[in-house]
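Take a look at the letters that make up each chain.
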Amino acid sequence: MNRPNTVLIVARHLLFWLFNYALIAFGMELDWNGFISPFGSLAYAYAYGIFFNAVLFYAQVFWLVPKLYIQNKKLKFYVISFTIIIVISIIEAHFDSILQGIYKIYIEDAFVGSFIGNTAINLLYSIVGFYYIFKLEHKKSEKAKQKLLEETYKTELKYLKAQLNPHFLFNGINSVYHLIGKNDDLAKQTLLQFSGLLRYQLYESNAHILLEKELDYLLKYIKIEETRKGSDLQLNYDIKSEDSTLKIAPLLLIPFIENAFKHCSNHIDNTTNTIKIKIEEKGGELNLNVINSYDQINKNSAGGIGLINVQKRLSLLYPDTHQLKINKDNTNHSVELSINL
């Protein structure tokens, strides 16, 4: 906690206790165990009364809740809390007896009455202190969880980049290499697309980015793979979006696309090697559908660690706003994903 915030919190607490004391001691005509404000006796009684209230409140805040209750020492917490309340109530009742003698206030069973009344008030302030610090600790815990989620997200993103980089480098360089001398214009175009992929991955994908940039990134990747695979693959893709202002976590969709190309079948009959990709955003909902054929002999490789990682990222980033279905049959592997952005 920084210094300005600490000063502000202390000032607020002081104002609360001062206002509390002024209101009860002078602002209201109360009769508490025979002490009343017109004769000044209530001002004296409430002076030590509010002191004990504050002691119980801050005992909860700085000691009992953080050191015992939150540390799961609940039995010890309750025993010490009630013991302190009883002891302070007895001391306060004794002070009341002395003050009643000074002001010649005679009440039958005055000590018992003071003890019961003071116990009730002291219990109330202890409960208030408990809920006050418990709420603060909860907020602190939520902030810590959020920070941990953010750090986890950054770690996952770095890991994903490290995982994708070798594939991009190998596929991109290999594609350009095979085009040089055969189709120099296409080689230049592919190299430009490959450069755009790397630039996006290295410099633009560090926070939530515009959906249109992510989709453009996917399109560049698909075109590079289309060039690399050539006639060996029957590829169909359709990518469109309505709202250009929507944002999405970067590199979230690429593992599904990469997985389809990586594990697509390689039959002699190229008409059976198929990949169908459809990505559409409509009304703030993004839908992705990817279907690829795969070889029966390699059917266990239709998925991969990339899909496991992206499932973790989806759970982390869009816990209640996404649906993911991954299915396999004898010849096809399919992914259906919907995200409310």
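Before reading on, note that the structure itself is shown above.
Residues numbered from 1 in each chain as written. Predicted model: local features only at pLDDT ≥ 70, side-chain atom pairs only at ≥ 80, totals over all residues. Heavy atoms only, no water.

Caption draft 1: Focus on the packing of aromatic side chains. Applying the stated criterion across every chain, the model contains 22 aromatic pairs. With a centroid separation of 6.5 Å and 40° between ring planes, the pair formed by Tyr44 and Tyr103 is classed as tilted. Of this pair, Tyr44 sits in helix α2 (residues 41-69) while Tyr103 sits in the loop between α3 (74-102) and α4 (110-179), placing them 59 residues apart in sequence. Under the relative-accessibility criterion, Tyr103 is labelled partly exposed at 29%. Site record: aromatic cluster; members linked through ring pairs are Phe16, Trp17, Phe57, Tyr58, Phe62, Tyr125 and Tyr132. For the cation-ring pair, Lys74 lies above Tyr69, with the distance from its terminal atom to the ring centre recorded as 4.7 Å. (Phe/Tyr/Trp six-rings, centres within 6.5 Å; stacked < 30°, edge-to-face > 60°. Helix = DSSP H or I, 4+ residues; strand = E, 2+ residues; numbered from the N terminus. Buried < 20%, exposed > 50% of the residue type's maximum accessible area, 1.4 Å probe, protein only. Lys NZ or Arg CZ within 6 Å of the ring centre and 35° of its normal.)

Caption draft 2: Representation of the layout of surface pockets. One number sums up the size of the second largest pocket: a volume of about 240 Å³. Lining the second largest pocket are 16 residues, with Ile24, Trp32, Tyr46, Asn53 and Ile121 sitting closest to its centre. Residue assignment for the lining of the second largest pocket shows that the elements contributing at least two residues are α2, α3 and α4. Tallied by class, the residues present in the lining of the second largest pocket amount to 10 nonpolar, 4 polar and 2 charged. (1 Å grid on protein atoms, 1.4 Å probe; cavity = no way out; pocket = protein on both sides within 12 Å on 5 of 7 lines; lining within 4 Å. Points joined across faces, edges and corners; volume = space filled by probe spheres on them. Nonpolar A, V, L, I, M, F, W, Y, C, P; charged D, E, K, R; others polar.)

Caption draft 3: View of α3. The terminal C-alpha atoms of α3 lie 42 Å apart, and with 29 residues this matches the ideal 42 Å at 1.5 Å per residue to within 8%. Residues Phe77, Ile80, Ser81, Ile85, Ile88, Ser89, Glu92, Ala93, Asp96, Leu99 and Gln100 constitute the buried set of α3. Of the residues flanking the end of α3, it is Lys104, one or two places downstream, whose phi is positive at about 55°. (Expected span 1.5 Å × (residues − 1).)

Caption draft 4: Geometry of the sheet that holds strand β4 (residues 234-241). Sheet architecture is open: 5 strands sit in the order β4-β6-β7-β9-β8, paired in mixed fashion. Edge strands, defined here as strands with exactly one partner in the open sheet, are β4 and β8 (322-328). Looking at each pair of strands side by side, their axes are set apart by 5° on average, direction ignored. In terms of strand pairing, β8 meets strand β9 (residues 332-340) through 7 bridges, oriented antiparallel. Its bridge partner lying in β9, Ile326 is registered against Val335. Against the sheet, helix α6 (residues 211-229) engages β4, β6 (274-282) and β7 (285-293), with an angle of about 165° to β4. Across the face of the sheet, helix α7 (residues 254-263) comes into contact with β4, β6, β7, β8 and β9 while running at roughly 10° to β7. (Pairing = 2+ DSSP bridges. Axes fitted to C-alpha atoms, helices over the stretch in contact; angles between N-to-C directions. Contact = heavy atoms within 4.5 Å.)

Caption draft 5: Examining unusual backbone geometry more closely. Backbone geometry places Lys104, a non-glycine residue, at a positive phi of 55°. For Lys104, the location among the structural elements is in the loop between α3 and α4.

Caption draft 6: The packing of α2 against α3, seen in detail. Across the interface, α2 lies against α3 with an axial gap of 11 Å and an inter-helix angle of 170°. Overall, the two elements α2 and α3 adopt an arrangement that is roughly antiparallel. (Parallel < 35°, antiparallel > 145°, perpendicular 65-115°, else oblique.)

Caption draft 7: Layout of the pattern of salt bridges. As enumerated under the stated definition, the model contains 3 salt bridges in all. Close ionic contact of Glu137 with Lys140 constitutes a salt bridge, the shortest N to O distance being 3.6 Å. Of the two residues, Glu137 and Lys140 both sit in helix α4, 3 residues apart, roughly one turn of that helix. By relative accessible area, Glu137 is classed as partly exposed at 22%. Residue Lys140 is classed as exposed on the basis of its relative accessible area of 54%. One salt bridge in this structure joins Asp238 and Lys240, with 3.9 Å as the shortest N-O distance. Judged by relative accessible area, which is 32%, Asp238 ranks as partly exposed. (Salt bridge = Lys/Arg side-chain N within 4 Å of Asp/Glu carboxyl O.)

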